[in-house]
Amino acid sequence: MKKHWWKVLCVGCLFYTIIGGFLGTVPRLDILNETIRNLYFHVPMWFCMTVMFTVSMVYAIKYLNNPLSKYDIVAAEFANTGILFGILGIITGMIWAKFTWGDYWVKEDYKLNGAAISLLIYLAYMVLRSSFDDEQQRAKISAVYNIFAFSAMIPLIFILPRLTDSLHPGNGGNPGFNSYDLDNNMRMVFYPAVIGWILLGVWIANLRVRTRTIEENQENLNA
Amino acid sequence: MNLIQEIKFLVAKDLLLELRQRYALHGMMLYIVSTVFVCYMSFRFSNGEIHPITWNTLFWIIMLFTAVNAIAKSFVQEGKGRLLYYYTLVSPQAVIVSKILYNALLMLVLSIVGLSVYSLIIGNPVQDMTLFVLNVLLGGIGFSSSFTMISAIASKANNGGTLMAILGFPVILPMLIMLIKISKNAMDGLALSNSYDELITLAAINMIVVTISYLLFPYLWRT
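Note that the structure is predicted; figures quoted are calculated from it, not measured.

**Observations regarding the interface of chain A and chain B**
Here comes step 1: Contact with chain A, which involves 26 residues of that partner, is made by 29 residues of chain B.
Here comes step 2: Summed over both partners, the interface of chain A with chain B buries about 2,500 Å², with 82% contributed by carbon and sulfur atoms.
Here comes step 3: Counting every contact that joins chain A to chain B gives zero salt bridges.
Here comes step 4: Summed over the shared surface of chain A and chain B, the result is one residue pair in polar contact (both at pLDDT 80 or more).
Here comes step 5: Those elements that place two or more of their residues in the side of chain A that touches chain B are α2 (39-65), α4 (110-130) and α5 (135-163) of chain A.

**A word on the packing of helix α5 (residues 92-122) of chain B against helix α6 (residues 129-154) of chain B**
All names here are of chain B.
Here comes step 1: One can describe the packing of α5 onto α6 by two numbers: an axis separation of 8 Å at closest approach and a directional angle of 140°. Classified by the angle their axes make, α5 and α6 are oblique. As for how α5 packs across α6, the hand of that crossing is right-handed. Touching Ile-96, Lys-99, Ile-100, Asn-103, Ala-104, Met-107, Leu-108, Ser-111, Ile-112 and Leu-115 of α5 are Met-129, Phe-132, Val-133, Val-136, Leu-137, Gly-140, Ile-141, Phe-143, Ser-144, Ser-145, Thr-148 and Met-149, all from α6.
Here comes step 2: Here the residues of the contact of α5 with α6 sort into 15 nonpolar, six polar and one charged.

**Brief notes about the environment of B:Tyr102**
All names here are of chain B.
Here comes step 1: Tracing the chain through its elements places Tyr-102 in helix α5.
Here comes step 2: Linking Tyr-102 and Ser-144, residues 42 residues apart in sequence, is a C-alpha distance of 8.6 Å.
Here comes step 3: For Tyr-102, the contacting residues outside a window of four places in its chain are Asp-14, Leu-15 and Glu-18.

**Focus: the side chain of A:Glu216**
All names here are of chain A.
Here comes step 1: If you trace the backbone, Glu-216 turns up in helix α7 (residues 184-222).
Here comes step 2: In this structure Glu-216 is buried but unpaired, with Arg-212 as the nearest side chain of opposite charge at 4.5 Å.
Here comes step 3: Here the side chain of Glu-216 touches Ser-69 through a polar contact of 3.2 Å, side chain to side chain.
Here comes step 4: Each residue touching Glu-216, except ones within four places of it in the same chain, is listed here: Ser-69, Ile-73 and Glu-135.

**Quick look at the pattern of salt bridges**
Residue and element names in this part refer to chain B.
Here comes step 1: Applying the stated criterion across every chain yields a total of seven salt bridges over all chains.
Here comes step 2: Among the salt bridges present, the one from Lys-99 reaches Asp-14, with a minimum N-O distance of 3.5 Å. Note that Lys-99 is positioned in helix α5 and Asp-14 in helix α1 (residues 3-20), a separation of 85 residues in sequence. Accessibility classification places Lys-99 together with Asp-14 in one group, the buried group.

Rules used throughout
- Residues numbered from 1 in each chain as written.
- Chains lettered and ligands numbered in written order.
- Predicted model: local features only at pLDDT ≥ 70, side-chain atom pairs only at ≥ 80, totals over all residues.
- Heavy atoms only, no water.
- Contact = heavy atoms within 4.5 Å.
- Buried area = accessible area lost by both parts, 1.4 Å probe.
- Salt bridge = Lys/Arg side-chain N within 4 Å of Asp/Glu carboxyl O.
- Polar contact = N/O pair within 3.5 Å; in protein donor to acceptor, adjacent residues only side chain to side chain.
- Helix = DSSP H or I, 4+ residues; strand = E, 2+ residues; numbered from the N terminus.
- Axes fitted to C-alpha atoms, helices over the stretch in contact; angles between N-to-C directions.
- Parallel < 35°, antiparallel > 145°, perpendicular 65-115°, else oblique.
- Left-handed = near helix turned anticlockwise from the far one by under 90°.
- Nonpolar A, V, L, I, M, F, W, Y, C, P; charged D, E, K, R; others polar.
- Buried < 20%, exposed > 50% of the residue type's maximum accessible area, 1.4 Å probe, protein only.
- Lys, Arg positive; Asp, Glu negative; His and termini not counted.

Written out as structure tokens, the structure is:
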């Protein structure tokens, strides 16, 4: 049990998020109305995706320093989980955009496109991985691309939207969420939500890494 | 041999090769001319006029595809044996830097040719030509720095041609957005100070990409 405290924390946080998120008090704001509750789901998805991709890149660097296949598995599976959360983030964002900005896909928004492009980068990473037969070569070259793509993604998601116009809060001269609508009631739910979703991501990735490791060991035994 | 000398030597070698087998360079130039002509014909028979924004976007897309095609071959054309020969002679950093420099040179030539043909056939609504040409040159250098590393990665995989595009396009996008914004400013004849932010971002992205390539290429080249 001592080893699994974080899984309990994760489940607790997520239950708290769902119950507190749908039943808690939120400020009444024009246009946003009740959709502001999506803050507990949409924003943590992106935090979680960023964390997953960062972990993936760190393990890619670790692999290049010390080529062990377990590092490669971790890098690949965290990237996979990051893609999952990125897709969820886009879906929750699209629903939110439909109700507040009037369309599922708002073409003026660079942040939206930046997010979609960063997903394309990691999908390309997966295609790159699948185009090698040799395992060591696959691990090494995809690690190189992982680091290269991550450093190209950072300006994409964090710098460009701030330079250009965006409808998101905190970009293109818009005030950030903190200043006008993230009141203390919402903070009480938002921070646990972020922790809960990130832990869920780590959990999913952890399970996938373990199954992949077992599969690989079995293959080695059979071979 | 120190690094600078090695780079000089390798760039000179690439130039010499290019001049000896002219068909590659001529092929690329013809590629631009025929692409421009295809665009011209398609627009002419559908509507007639090209809107300035379309003019700008179309130009950059033509340049993008030219860059992919020109740079994709930079590692593929080096046979396995020749690469092996380089490993015994020079450092990996010299190889990647010389390739980036050489491709930048190639892109400078191709961009100038492209811009002249494009202006000649389709017309030229640009007001601030100095800034536009400067931007085109910066774009050529930017394309070469990003795509050189990508072509090194793609050349290791089985289906290099497709991979080059899917790995490269998402990575090049932040740069492309900046380039299109600057050239839009140049077309509208805005003062140079309006483009400082974008120019600095462009230079920063370039520096990140070159640094990362410099650091990562040694891991890639022996596989």
